Amino acid sequence: MTYLLALDQGTSSSRSILFDETGVIVAVAQQEFRQIFPQPGWVEHDPADIWQSQLQTCREVLAKARVRASSLSALGIANQRETTLVWERGSGRPVYNAIVWQDRRSEEVCKALRERGLADAIQRKTGLVLDPYFSGAKLRWMLDKVPGLRARAERGELVFGTVDAWLVWNLTGGRLHVTDVSNASRTMLWNIHEGCWDPELLGWLDIPAGMLPEVHPSSHSFGETDAEHLGASVLIGGIAGDQQSALFGQACFQPGIAKNTYGTGCFLLTHTGDRCAQSHNGLISTVACQVGPRKQYALEGSVFIGGAVVQWLRDGLKAIQHSTDVEALAQTVPNSGGVIFVPSFTGLGAPYWSPAAKGAIVGLSRGSTVAHIARAALESIAFQSTALLTAMGRDAVSPITELRVDGGAAANNMLLQFQADLLGIPVVRPEVTETTALGAASLAGLTTGVFHDTAELASRWRVERTFMPTMSRPEALELMAQWEQAVRQVRPD
């Protein structure tokens, strides 16, 4: 039997998942790593923590399964997107901490571009809203603010990459400086229509072109790892940003199928085929995983604070001991008692795009308890996702008829039932909820012939449970109206 190894490098942990040739999980290894918060609104990772934690989980998962690296057909990488790294071309040594996708420090960069009247032009080329979320603004901040970096970059001494590029660089001993189209499309430097690093975008953001990685399709023979890392050389056969990888792992290959990943944030994508749909409702157009030469696109909306609201209940409010306790606490009350929680700790993402919004809990009364707040926190995840899917439905090239779900919070039945009630469409949880890793493994498997085509992958996808809506549409619409009213209260713009 041959195996596929998926590297799932996330915001709070690195994981490695081993799949067999039928797409079944054989073993999993996971390691959390440090989150660095230098000041409010800033989020960083130590690049060494990213690399070492990922490498250790690769070794651990192979040891658990008693599988040698020589039995691997290939490995695939799925990674937290937009997180920005710069390192020395010669030594591979990072010159600054990784600036994480959640980080808001580059708002001034975006503001200056808006004042130059460039927001619409940037969106037309990249599909992205001009926001600190994306890598280009973070890279510009680094070059401007870290002493000496710009001069070194212009001399060709430094390279830029998202997390996938950083992992590949280390796995290959610096032989490969590469990324895939899905990650490139999140930088605000990639023209998604032309399929290239755009000279105008590089000029507007003042980024030296020599820093950028080579870009390939998501399913591609990128090169081989150095044997010293895993005991044998392994082909890197797939790379994708985690959300595009999850869309692929959910077998969303055709227009009209949407998926939502309930992780630290929530990421809702719908495939639009080879047509790049332009959003008029606050969403972004992005590149979907590409197999072969034909471009693929998706519409996306991002909730900045999804499952992270549960972490805040645990660590900030001390309302629960473990994240898994939240469902039981929330179920001790029949509803939120009129409490609405808007968890805009790092501003609001799509479809609102309000970076200055602050978090709020509204509708409190003397009868409100911590259970009501816990329920409102869970419901906030569904409210935000519903606002996204409603906007997506107005932009999509095909009607959205079901929502496929994955991520840690997708195990929460109460959340998924409330999600189905608000949306009025089925919410479908697959048997394999590790869809981000499955997508990366599938891309690698297509490269090496383990899987024949996407039709075969679609035939392997299996449903575990479907949540059907039970709430009346008038009741659901009234709840959404109350949510929108609460959002208006936290938006300063």
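Residues numbered from 1 in each chain as written. Predicted model: local features only at pLDDT ≥ 70, side-chain atom pairs only at ≥ 80, totals over all residues. Heavy atoms only, no water.

K.L.:
Can you tell me about the sheet that holds strand β15 (residues 257-262), naming the residues and giving the values?
P.N.:
The sheet built from 7 strands is open, its strands ordered β17-β18-β16-β15-β21-β22-β23 with mixed pairing. Both edges of this open sheet fall to β17 (284-287) and β23 (463-467), since each of them pairs with a single strand only. Put simply, the sheet's adjacent strands are angled 30 degrees from each other on average, direction ignored. Sitting on the sheet, helix α14 (residues 413-423) is in contact with β15, β21 (402-406), β22 (427-430) and β23, with an inclination near 145 degrees to β22. (Pairing = 2+ DSSP bridges. Helix = DSSP H or I, 4+ residues; strand = E, 2+ residues; numbered from the N terminus. Axes fitted to C-alpha atoms, helices over the stretch in contact; angles between N-to-C directions. Contact = heavy atoms within 4.5 Å.)

K.L.:
Before we move on, can you summarise the sheet that holds strand β14 (residues 235-241) with the specific residues and values?
P.N.:
Hydrogen bonds along the backbone pair up the strands of a sheet, which may run parallel or antiparallel. Ordered in space as β3-β2-β1-β5-β14-β13, the 6 strands form an open sheet in which the pairing is mixed. In the strand order of this sheet, the two ends are held by β3 (25-32) and β13 (219-224), each with one partner. Between one strand and the next, the sheet's axes are offset by a mean angle of 25 degrees, whatever the strand orientation. The pairing of strand β1 (residues 3-9) with strand β5 (residues 72-79) spans 7 bridges and is parallel. Note that in β5 the partner of Ala 6 across the bridge is Gly 76. Docked against the sheet, helix α6 (residues 163-171) engages β1, β5 and β14, running at close to 145 degrees with respect to β5.

K.L.:
Hey, could you go over unusual backbone geometry for me, with residue numbers and the actual values?
P.N.:
The phi angle at Asp 206 is positive, at roughly 60 degrees, despite the residue not being glycine. Relative to the assigned elements, Asp 206 resides in the loop between α8 (199-205) and β12 (214-216). Overall, the relative accessible area of 35% leaves Asp 206 in the partly exposed class. At Lys 318, a position not held by glycine, the phi torsion is positive, near 60 degrees. Structurally, the position occupied by Lys 318 is in the loop between α11 (308-315) and α12 (326-330). Exposure remark for Lys 318: the relative accessible area of 63% places this residue in the exposed category. (Buried < 20%, exposed > 50% of the residue type's maximum accessible area, 1.4 Å probe, protein only.)

K.L.:
Quick rundown of the side chain of Thr 126? Include the residues and the values.
P.N.:
Looking at the secondary structure, you find Thr 126 in helix α3 (residues 119-126). Polar contacts involving the side chain of Thr 126 include one to the main-chain carbonyl oxygen of Ile 122, which spans 2.7 Å. Those residues in contact with Thr 126, other than ones at most four positions away along the chain, are Ser 185, Met 188, Trp 190, Ile 192, Leu 201 and Ser 285. (Polar contact = N/O pair within 3.5 Å; in protein donor to acceptor, adjacent residues only side chain to side chain.)

K.L.:
Can you break down the pattern of salt bridges residue by residue, with the values?
P.N.:
In total, this model carries 30 salt bridges according to the counting rule given. Between Glu 44 and Arg 105 there is a salt bridge, with its nearest N and O atoms 2.9 Å apart. Taken together, the positions of Glu 44 in strand β4 (residues 44-45) and Arg 105 in the loop between β7 (98-99) and α2 (107-115) put the pair 61 residues apart, joining distant regions of the chain. An identical accessibility class is assigned to Glu 44 and Arg 105; each is buried. In this structure, the salt-bridge partner of Asp 198 is Lys 125, at a minimum N-O distance of 3.0 Å. Taken together, the residues span a long stretch of sequence, with Asp 198 in the loop between β11 (196-197) and α8 and Lys 125 in helix α3 at a distance of 73 residues. Lys 125 gets classed as buried once you look at its relative accessible area, which sits at 16%. A network of salt bridges, in which partner residues are shared, links Arg 81, Glu 82, Arg 186, Asp 242 and Glu 300. (Salt bridge = Lys/Arg side-chain N within 4 Å of Asp/Glu carboxyl O.)

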